[in-house]
Every structure is written in C-alpha cells, then in structure tokens.
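So the chains spell out like this:
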Amino acid sequence: MKFHSRFFLALLFTFLLHYAAASKGKPIYIRVNQVGFLIKDIKTAVVMSEAPIKNKEFAVRDVTSHKNIYKNKLNDPVYEYGRFRYCYILDFSGLKKTGKYEIIVDGNISYPFRIDNDAYSAIADSLLLFYKVQRCGPTNPYLHGPCHLSDVARVIGEPNLGMVDVTGGWHDAGDYIKFLSTIAYTTYMMIFSYEFNKDKFGFDDDHNGVPDILEEAKIGLDWLLRANFSKDKLITQVQDIRDHDVGWRLPEYDTLRYDRAGIEGIGKDQIGIYSAALAIGAKVWKEKFHYDEFANRCLAAAEKFYAIRNKVADIDTSTSGFYRDTKFWGKLALGAVELYNATKNSKYLTDASVYGDSAKSDYWWSWGDINSLADYRIAQHIPRFSEYIVNNLKAFNANKNKSIFKEGMAYTWGTTNSFLGIDLQNILYKSLTGKTDFDSLAAYQRDYVLGRNPWGISFIYNIGKVFPQHLHSQVAYFHNGYLPGALSAGPAPESILKHYDIKRTNFKYDLFNSDDIKYYDDRMDYITNEPTIVGNATALFVLGNLKNK
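Report follows, based on the coordinates. By convention here, each chain's residues receive numbers from 1 onward along its written sequence. In keeping with the model being predicted, local features are shown solely for residues with a pLDDT of at least 70 and side-chain atom pairs are shown and tallied solely at 80 or more, while totals for entire chains, interfaces and linings include all residues. The basis for every side-chain value is the complete set of non-hydrogen atoms in the structure, without hydrogens or water.

**Notes on the environment of Ile502**
Condition: A run of DSSP states H or I qualifies as a helix once it reaches four residues; a run of E qualifies as a strand once it reaches two. Both are numbered from the N-terminal end. Throughout, exposure labels follow a simple rule: accessible area from a 1.4 Å probe, protein chains only, divided by the maximum for the residue type, with under 20% read as buried, over 50% as exposed, and the rest as partly exposed.
Tracing the backbone through its elements, the reader meets Ile502 in the loop between α15 (494–497) and β16 (517–518). Residue Ile502 is classed as buried on the basis of its relative accessible area, which comes to 10%. Sequence-wise, Ile502 and Met524 are 22 residues apart; in three dimensions their C-alpha atoms are separated by 6.7 Å.

Okay, structure coming up:
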C-alpha cells in the first residue's frame, strides 16, 4: 500500500511539473535600452514571443522598492521578427520620474535601466578610453606597451627611400593596420565634437589643463603630419594584408614589427578629409592653446594638399582593398569649408558650396558617407545647406516604420556606426534649426545600439547589463575580453556574411538571428563583432552630446 501511495504521489508530482511548464508556455524576451532615458525622452521597449501573450498589461517598477510606478497595455502585435511571430511595442514615455527601473511583462523581468538626465554622463569617458588602447608607437598606450617603433620600414614603390617615420596614430580596429582615411576622420570628429559643444566635451579627467578629447586628437594630428612623407605624397596605409596572417599577438610582440610597409596614395577623397582634419586642428590649436607654430604647420599642410586637388585622381585606389571610397564631393566640401573657417578666405567657401551641391544628400552614414558634416558646416554660413541633412532624416524616418525595432536604414558592415550616424545628423539638424521633428527617430537608433535590439545586448563594452564579451580585438583577447568603451560593429546582413568563411565557436545569440540579419559575439567574427576607431568616433559625438552639463 505504501508503495502504491508513493508511486501515485510521484506520478502526481511529475504531472504537476509538466502542467506548470506547459502552462508557462514559451519564453518572453523584453528588449530595452539598458543605459536608460533622459526625463523627456520617448521611452519604449520591445517584447518578443513565439506565442500570443494573454496578459497584455505591463508594469514598470522601481528596482529598489519593487513598487510598480507605471502601468499600461501592450499594443497589439503588428510586426514579426525571425521566429518571433508576436512582437509588441510598449510605451512608457509618460514616466518622467528619476529612478532605476525594470519592466515586467507576464512575470518576465527586463534588464534594469535608469531615467535620469545624468544617465549618459559617464559614457563619453569610456568611449574615449578605447583610443588609448588603440594607440600605436611611443604614445603611452593602455593595455599594451609601445609598439611598431619602426613604422615604416619601406614605402611600396619607393625602393630608394628607406625607412619613413609614420610612428604613432591609432590601430584601426582589432588588428594593427593604420589608415589615413580613418585616422583623419577620427581626428576630425574629436576636434569637431569639442568645437560643437565645449561644455560637454571639455572635460579634463587627468587634470593636466588640456581637454581629454583634444589630448587624444593630438595623437591623430601628429600622425597626419608625419603621413606627408615627401613634398606632395601621403602614406595612406601602414602595413598590408600580412598583418592578418601571422596569428594573434600583442602589438609590441608583432612578428612583423620590423617589416611594416607603407602604401603611398592620394585622391580627392583623401585630400578632402585630410585637409578638413588639419584645418580644424589648426583653428582650435591657435585659438585654444595659442600654439601658433603647430597650428601653422597643420594649416600649411592642409592648404598645400587642397591646392593640388585638381591634379590627382578622384578616388585614391592605393589601399589594399580596405576603406575604398566611391565618391569624393562631400569630403572635398568638408575640407574646403574647414579651410574657410580657419582662414576666412572666401574662395574656400565658394568651393565648399560648389562641392556640397555636387555631393547632395547621401541618404546614409558610414566612414565614407559623411556629407552631412560638410552640409552642417556650410549651413552655418549658407543656411539652405541644412536641407540636404533634412532629406537624409526624412528618408531614415520613412524607413523606420518597416520594423518593430525602428531601424532608420538597412543593415550593413558597421551597422552600429550607421545607426548612430542618424543620431549625429539629427543633432546637427537641431543645432541649425532648433527643431525636434526627428527626435523619436534618433531615440530609436540610440536605443537599438544600447539594448533595444533582437539580441538584447548593448553593443558597447561594459555599458549596460549585457555587452559583447568576445570582441574581435587582439588586445582584448590577451586581457580576457576587456576592451573599455569599444563599440562592436553589430549585426550584419546574411547577404554580406555569406561571402566570408568565418570559423565561429560562440552561438549564444543564435536564437535571435533571423534568416536575413545575424550577430555573433565571437572573437573570430570581424564583420559583426569588431570595434573600429571610426565607429567609436561617431558614438563619442552622439553619446557625449547626451551628457548633462
């Protein structure tokens, strides 16, 4: 009798467990910006489920007190994503009380986030620290020693030249190649960020009397001047594809450190961004530091190369397949307008206007598509140029309604940089017009990068609750994944990924990959999980502008 009773109780217990599991149903995933929101922000999250959610009420509760502060209903699902046929948007924009919160949907709890005008105040410091890791040469780098002190051993095509000094600068990404185009863009964005808002970018955490962002930008300016290795010649790339073929190592132990080639090149595209970075640097170093000698060197180099723009090819094709532009008008316009700002010579503004009108709206943002920077700078003198930025934002705004995640443009290689570029353009537009027409569009892009995405991950290392642990970075690999402030490139379309044979081992987020869009937190994935100096420069401007003064 005792045996039968025990057997019956065991069966009953098993049945109850099975019933509980069945009644619970499939898991629900809540995706929200893990950093948080400014008090007046639009505040939304996404809920993904493979089955309909019966209890459509959600609550936002205080993390400390566990009291529900806000309640509302889930909107009916009108979107699908991957295997998740039921995707809901929840809106809690009405919650404007400062605090730390989490969202509850049908018993499921989101990652915590803040509502606070100070929510973003520390992120710019972290993003800037990334550049100390990327430093090359005798520049006091972080997480590794001085490296590549023989840059470069030779210049390809110049057999009689011997070694040329292009030490310094920043490694471009997870490897140890350096590029003129990306160093020039990064340098420009740092100095532009400071000029755009000195209150938010004038922080001096090391208390040496120099804003940290300008101290870092000087690394770039010095390298750009060295890149001019002969009268009218530029080094546009340091090291070739062999860098990728010798295994993972810290830069100071690079087996090729005494055999790094320099690649010579020039084009109107390179001249544009090179002149822009040096011209804005000349202006700031003269006005801020009264360092006339250095400022004059920068301006002289900018003017010298701008003067030969019509004697060179439209596009520099010297680089070994990396960062090759398809157009040049926008970069040339940026170079011209920055030369005007530095000299007040009206011929440069005339050129900038012509080149800006030739560039038009590019309807994009990437390392090569930065027309809106030129449009903004020209619009400060010729207001109609703001319309080119408006054209971009209108197109992004129309695109966002195609998906529950409200992406403003198509996925690409470097998606996070592109999405944050939409925010950047909105910041420029608001500065010119004072209008807030596209604030919700911008908020969706920012939120996407910081956790409101299918994988529920903040794409910036150590920002938010969940972030990439296995970035494609050799320095990070030798420090257990640690790479402060690094922005992962983010999800990419299968149409790009299928062309590359990447040997991945981490499929933690595969459940949230769709047939079309995928992300892998895998150290071998140089498409979706590699940080770059360009992506971080865009993020630095955007998230730095969200700091509370």
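**Things to note about the nonpolar core**
As a reminder, the rule being used: The set of buried Ala, Val, Leu, Ile, Met, Phe, Trp, Tyr and Cys residues whose side-chain atoms join them within 4.5 Å is what this entry labels a nonpolar core. Contacts are assigned to residue pairs with any non-hydrogen atoms lying within 4.5 Å of each other.
Leu373 and Trp455 are the most contacted members of the largest nonpolar core, which has 142 residues in total. Counting residues per element, this core draws most heavily on helix α6 (residues 268–289), which supplies 11 residues. Contact partners of Trp455, with chain neighbours within four places excluded, come to Arg31, Tyr81, Tyr448, Pro491, Tyr509, Phe512, Asn513, Ile517, Lys518 and Tyr519. Counting 20 residues, the second-largest nonpolar core is a separate cluster that includes Val32, Ile53, Tyr101 and Ile103.

**Considerations on unusual backbone geometry**
For the bond from Asp151 to Val152, the omega torsion is -10°, close enough to zero to count as cis. Along the polypeptide, Val152 turns up in the loop between α2 (123–134) and β11 (154–155). Look at Asn140: it is not a glycine, yet its phi comes out positive at around 60°. With respect to the element layout, Asn140 can be found in the loop between α2 and β11. A residue is classified by how much of its surface remains accessible, and Asn140, at 63% relative accessible area, is exposed.

**Remarks on the pattern of salt bridges**
Note the cut-off: In what follows, salt bridge is the name for a side-chain nitrogen of Lys or Arg lying within 4 Å of a carboxyl oxygen of Asp or Glu.
Taken as a whole, this structure holds 29 salt bridges when the rule is applied. A salt bridge links Glu158 to Lys233; its shortest N-O distance comes to 2.7 Å. Placement of Glu158 in the loop between β11 and β12 (178–179) and of Lys233 in the loop between α5 (212–227) and β13 (235–238) is noted, with a sequence separation of 75 residues between them. A residue is classified by how much of its surface remains accessible, and Glu158, at 18% relative accessible area, is buried. For Arg384, the salt bridge identified is with Asp357, shortest N-O distance 2.6 Å. Residue Arg384 is found in the loop between α10 (371–379) and α11 (386–399), and its partner Asp357 is found in helix α9 (residues 346–359); the two are separated by 27 residues along the sequence. Taking relative accessible area as the criterion, Arg384 reaches 43% and is therefore assigned partly exposed. Counted as one network, the salt bridges with shared partners bring together Glu195, Lys283, Glu287, Glu338 and Arg377.

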